[in-house]
Amino acid sequence: MGAKRIIPCLDIYGGKVVKNVNFMGLREVGEPLEYARQYVQQGADEILFLDVTSTGKGKEIMADLVSEAAKTLTVPILAGGGVQDLEDIGRLIQAGASKVFINTAAVKRPEILREAAAEFGSERIILSLDGKQGGNGSYSMVINGRKTNTGLDLVEWARQAEELGAGEILLASLDADSAKGGFDLPMLNAVCQAVKIPVIASGGCSTVGHFVKVFRETCCEAALAASIFHYGDLTVNAVKKALRNNGIPVNLDDGGRDLSCYFKKGELIPAIVQDVTSGEVLMLAYMNEESLKRTIDSGYTWFFSRSRGELWNKGATSGHYQKVISITPDCDNDTLLIHVEQTGPACHTGNMSCFYRKGILKNNDESNAESTI
């Protein structure tokens, strides 16, 4: 079981965070970047920005917000709301979103999922599903800002969307969202059992116990919440500690971590990055203490550029992120081995590994050594 993700959701209207109940009665809460930075400091794995205006002006505001957020946030940004076409998706990705979620437009024209996956990569496309309980244990799809019940079978649509290229599913229950009695576990299980891609639980969470229950009783890989974080009822760190205490794996920074033991020989430490699935060595880069801390906190690789003298997040420009599975120091604590799940090629040349050129050494006799380098 991999580490479970906790994702604070920020509903955006007119550039502000708003509180809404089933998309009605919007009330301004505060500044989105302030909340986002706070949640990252608390240990959020990702931040989700949802545009609840779905207007042309709203799209511009959302793109600007994502662009500003990407400059300072050290975790992946999920963005969407009112996404209609590939241009909308591209605008958000170009602004700095790691993933974009799409709902109504995909129901109206399912082929957009295939096109988006081909253009941007399926790992960057999230299908957002708003579901409502029907008869005989069935669930129907609701679209248009939760205003129109399509009558379409939610589970079947999730299965079809996966085949079309969706890389993840964000599943919200309208019934659970209004009741605040916890996530809709039967609906989540129905979708989890129908697809192989990750499912994010949304809707109805109001206590830390709801987080524990959703991860114990479903196969969801992440859970999303809004109000309980906005009003300080819970912090992300408190949720993660509760999950860990219940035997549920999370990426948790307890604070006070001493990383100085890795930098006794200098300010930089070499980091060997290896694909956890194939075992292929992908690249060698350098870390200082701050980039190592950001890597641990965010769950994605950060390095220090010796030529530019600054930190850089692998994949921030290309989208080829490296999700960290483990970090292991060598026997002398002066080199790190980082196992990752690699998205796309690791090398800027387009090759999977930076060590794509093959070298041959017949023996230790220098005169007989052969190399294609």
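Here goes a summary of the coordinates provided. The structure displayed is predicted, hence computed values, not measured ones.

### Notes on the pattern of salt bridges
- The final tally for this structure, using the stated rule, is 17 salt bridges.
- R109 is paired through a salt bridge with E115; the nearest N and O atoms lie 2.8 Å apart.
- The class for E115 is partly exposed, based on a relative accessible area of 29%.
- We note a salt bridge from R294 to E290, for which the minimum N-O separation is 3.1 Å. One end of the pair is R294 and the other is E290, both in helix α12 (residues 289–298) and four residues apart, which spans about a single turn.
- Using a relative accessible area of 24% as the deciding quantity, one classes R294 as partly exposed.
- Where salt bridges share partners, they join R5, E46, K99 and E168 into one cluster.

### Here's the deal with the side chain of K4
- In this structure, K4 sits in the segment before β1 (5–13).
- Of the polar contacts made by the side chain of K4, one reaches the backbone oxygen of C220; its length is 2.9 Å.
- With sequence-adjacent residues up to four places away left out, K4 is seen in contact with D45, F215, C219, C220, E221, I248, P249 and V250.

### Structural notes on the packing of aromatic side chains
- Enumeration according to the criterion identifies six aromatic pairs in this entry.
- Aromatic pair Y35 and Y39: ring centres 6.0 Å apart, planes at 45°, arrangement tilted. In this pair, Y35 and Y39 both sit in helix α1 (residues 32–42), four residues apart, roughly one turn of the helix. When sorted by exposure, Y35 lands in the same class as Y39, which is buried.

### A look at helix α9 (residues 208–217)
- Along α9, the residues that are buried comprise H210, F211, V212, V214 and F215.
- For α9, the secondary structure elements touched by its buried residues are β1, α8 (185–194), β11 (199–202), β12 (222–225), α10 (227–230) and α11 (236–245).

### Here's the deal with the pairing of strand β5 (residues 77–80)
- Burial of β5 is two-sided: the residues I77 and A79 facing one way and the residues L78 and G80 facing the other way are all buried.
- Both strand β4 (residues 47–51) and β5 contribute to a ladder of four bridges, which runs parallel. Bridge pairing in β5 links I47 to I77.

### Digging into unusual backbone geometry
- The backbone phi angle of N333 is positive, close to 60°, even though this residue is not glycine.
- Following the sequence through the fold, N333 ends up in the loop between β17 (322–329) and β18 (336–342).
- Judged by relative accessible area, which is 27%, N333 ranks as partly exposed.

### Things to note about the nonpolar core
- The biggest cluster of nonpolar side chains holds 77 residues, and the ones touching the most others in it are I47, F49, I169, F211 and F229.
- Among residues more than four places away in sequence, those in contact with F211 are I6, F183, C205, A223, A225, I228, F229, L234, V239 and L243.

### Regarding the sheet that holds β17
- Ordered by their spatial adjacency, four strands build an open sheet running β14-β13-β18-β17, and the pairing between neighbours is mixed. Of all the strands in the sheet, just β14 (281–287) and β17 have a single pairing partner and so form its edges. Neighbour-to-neighbour, the strand axes of this sheet turn through a mean angle of 25°, independent of strand direction.
- Taken together, the six bridges between strand β13 (residues 269–275) and β14 define a ladder with antiparallel strand orientation. Paired with Q274 across the two strands is V281, which belongs to β14.

### A look at α12
- Among the residues of α12, S291, L292, T295 and S298 are the ones counted as buried. Considered in projection along α12, the buried side chains sweep an arc of 145° and stay on one side of the axis.
- As for α12, its buried residues are in contact with β14, β15 (302–305), β16 (310–313), β17 and β18.
- Positioned one or two residues after α12, G299 has a phi angle of 85°, which is positive.

### Some points on the packing of helix α5 (residues 111–120) against helix α6 (residues 154–164)
- Between α5 and α6, the least distance of the axes is 8 Å, while the angle of their chain directions is 35°. As α5 packs across α6, the resulting crossing turns out to be right-handed. Contact residues: E111, L113 and R114 in α5; W157, A161 and L164 in α6.
- Of the residues that constitute the contact of α5 with α6, the class distribution is four nonpolar, no polar and two charged.

What counts, and at which threshold
Residues numbered from 1 in each chain as written. Predicted model: local features only at pLDDT ≥ 70, side-chain atom pairs only at ≥ 80, totals over all residues. Heavy atoms only, no water. Salt bridge = Lys/Arg side-chain N within 4 Å of Asp/Glu carboxyl O. Buried < 20%, exposed > 50% of the residue type's maximum accessible area, 1.4 Å probe, protein only. Helix = DSSP H or I, 4+ residues; strand = E, 2+ residues; numbered from the N terminus. Polar contact = N/O pair within 3.5 Å; in protein donor to acceptor, adjacent residues only side chain to side chain. Contact = heavy atoms within 4.5 Å. Phe/Tyr/Trp six-rings, centres within 6.5 Å; stacked < 30°, edge-to-face > 60°. Pairing = 2+ DSSP bridges. Core = buried A, V, L, I, M, F, W, Y, C linked by side-chain atoms within 4.5 Å. Axes fitted to C-alpha atoms, helices over the stretch in contact; angles between N-to-C directions. Arc of directions from axis to C-beta. Left-handed = near helix turned anticlockwise from the far one by under 90°. Nonpolar A, V, L, I, M, F, W, Y, C, P; charged D, E, K, R; others polar.

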